[in-house]
Each structure stands twice: as structure tokens, then as C-alpha cells.
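# Structural characterization, general
Here's the letter readout for the chains.
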Amino acid sequence: MLERLRVIDSHTGGEPTRLVIDGGPDFQRLLTEGYVGPADDIAQRLRHVVRALERDHEDLRRGIICEPRSSEHWVGAWLLPPVDPANLCGVIFFNNVGYLGMCGHGTLGLMASLAYLGRANVGTYGIETPVGVVQAELRDAHHTTIGNVPSFLYRSDVSVPLVDRASVVGDLAWGGNWFFLAQAPAEAGPLTLANLPGLLRLTLELQASMEAHGITGPQGERIDHVELFAAGEPGADSRNFVLCPGGAYDRSPCGTGTSAKVACLAAHGKLASGQTWVQESITGSRFTASYQPLTAAEKAPAGCPVGMLAVRPSITGAAHVCGDTTLIFDPQDPFRAGIPA
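What this report covers is the structure whose coordinates are included nearby. (Residues numbered from 1 in each chain as written. Predicted model: local features only at pLDDT ≥ 70, side-chain atom pairs only at ≥ 80, totals over all residues. Heavy atoms only, no water.)

## A short note on the side chain of Ser-238
Positionally, Ser-238 belongs in strand β13 (residues 238-243). When residues no more than four places from it in sequence are discounted, the contact partners of Ser-238 are Phe-229, Ala-230, Ala-231, Gly-232, Trp-277, Val-278, Gln-279 and Glu-280. (Helix = DSSP H or I, 4+ residues; strand = E, 2+ residues; numbered from the N terminus. Contact = heavy atoms within 4.5 Å.)

## Considering the pairing of strand β16 (residues 310-329)
Sheet topology places strand β1 (residues 3-12) next to β16; 10 bridges connect them, and they run antiparallel. Bridging across to β16, Ile-8 finds its partner in Asp-324. Looking at chain direction, strand β9 (residues 151-162) and β16 are connected through two bridges and run antiparallel. Paired with Ser-151 across the strands is Val-311, a residue of β16. (Pairing = 2+ DSSP bridges.)

## Re the environment of Pro-185
Checked against the element boundaries, Pro-185 lands in the loop between β11 (178-183) and α5 (196-212). Taking the C-alpha atoms as reference points, Pro-185 and Asp-157, 28 residues apart in sequence, are found 14 Å from one another.

## Section: the pairing of strand β14 (residues 277-280)
By the alternation rule, side chains of β14 split into Trp-277 and Gln-279 and Val-278 and Glu-280, which are all buried. With helix α6 (residues 255-267) bridging β13 and its parallel neighbour β14, the resulting β-α-β unit is right-handed. Inspection of the sheet shows β14 paired to strand β15 (residues 286-293) by four bridges, in the antiparallel sense. Considered in β15, the bridge of Gln-279 is made with Phe-287. Taken together, β14 and the strand that follows it, β15, pair antiparallel across an intervening segment of five residues, in which Gly-284 is found at a positive phi of about 95°. (Buried < 20%, exposed > 50% of the residue type's maximum accessible area, 1.4 Å probe, protein only. Right-handed = clockwise from strand over helix to strand, strands pointing away.)

Printed below as a string of C-alpha cells:
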């Protein structure tokens, strides 16, 4: 029997998102079946769903996001009913190699897609993710401001050794995913599309070196994103190149990466609360970011060092719908679950 999934495709500053809106697993059941944690812990419940997806639905993940239906550059998103009816929805993001805690560009794409479907109007909504509830203010059909999860600098001046070239020194930070952020070394060349092969080689080597040398988050988390930065074009504070898990680079300025960036700037005293930061991607697309410190009533996120400033970033960007498609999964198709890596 053919299986059909309806998806809405969008791009955020050039970075694509594929939102599954119909078909696939029974998420209402997965949210409760086998769950033994606190009923009000939304993030834990969505992480429970992720484990079920990893256990029982890997063929669908690969089939949706890998060739021949898609490619390693895409991020997928499962649309879930909300745990808390006060929120708009839940979302679980994934790519060609697995699941993501949060995805900033994907949340912008989610909101543009829901606006296209008539499921969201101008206003502010809670969006449930496996790392917590984020706020999304839909400003018009394309523009959204995300109030991301609390972000922080974990370690500064981390030296990552490389073969046949000087070590690269940077920060480890959390912005909804784990990042190593470093000034682009001069020998890497400019952060331009013409220089992609060299930038990919360097960032993949940095990623591999961190794994080989045990450079991790506070609980052994893999640092699966690498962000190099340099001076931006006029009107931008910085330009970045972001390597994502699975070996693809981010066409957008990266929402969780920009969140990690402003957390580092705040910790180093280089960006004041409420001050804007314009982050430019390697394609030239831009996000506008700022932050507010956590309130006295808010708890610092797990892993944030004692005494370290944790901040709540805001990211504004634009996304555009570019497809409304039905994917077909034929049991006789030898590549139904994607081309094996």
C-alpha cells in the first residue's frame, strides 16, 4: 500500500525546511504511550517522542529528508499537537543524520507555513520543542520573531588542535544546540560561497578533532555545530559560516547559532541587553538578534556554569513557502527509505 505524507516546503534565508502536516506516526498516542515523567514537563515528553521515532520510524525520517526526495541540506519537521493547549503546536526537527533539539530557521519556516495554511495569524504563540517552549511572534506572512530557549557560554578559549595547521581557539556555547564558535583563521580564506570547499574541510576537521579529543558539553554532549565568524558586509555586525550535523552548511545565519553567538557576546561584555546584533550568513541573508537576561524567577538551564550569565535571545528573520507537496512512499521502491549514506 502506498503511504502519503503532505508536506509544506519553505526556506529561511535560503535554508530549506520541510514541515510534515499530514500522515506519519500517531503523535497524540506517542506523547502519552510509555511516558512516565511529570505531566507538565513538555520538553521531556517531546524527548520521549524522539526516542520512539528513533526506535520505530527511522525509515520515514530518512525517506523524507534524504535523496531521492530531498538532500542533506534540508531540515525536516514533524508537526505535533500541543501538550499544553495554551500553545499553538509542538515541533520536532530532524535532518539527514538524526534529530535536533531546536532549529531557529526551522521555527521561522514553521510559522510561515502555518500562516500559509491559515493556522496562524499575526500574534504570539508558544511552540513546544524537545529543549523547551519557545515564543514565536508572527509579524506578517513572512516575518517572525523567536524568543528562544535560555542560552549561555559554557567554556571560552577552548583550543581545538588540527593536523598540519595551527589550533583554532573559540567558545563552546548552547543556543538550543551545541556550538563551537571561533573567529575564522586568516588561512581559511573569506567566508564566501566561492570558498566553500576549504571552509567545509576546516569545519569538518574541527568537528572531528573535538570528538577525538573529548571536547564536549557539560554532560558529554557532542558539539555538533561549528560556527566560524568574520566581519560582515555593511549593515551587518558579523558574517558566519555554520557547519551542521551531517556535513551540510547552513544557508541562513542559523537561529540557534545566532542565539549562541549573542550569549557569548553577552558573557564577554561585548553586547548589552536589548542592543541589536545583525548576523549575516554566507549567502548574505540576515537575522536581527538581541537578548534579555533571565529574570530572578527564571532558572538557569542545566549545564550553565555557576555565575555565568544565561540569556534569552530574540531572533527575527523571514521565511517563504516554496512548496505544497504530497510525498509518496511505495513499498516496492528500493529507495523508499532514502539512499543509504
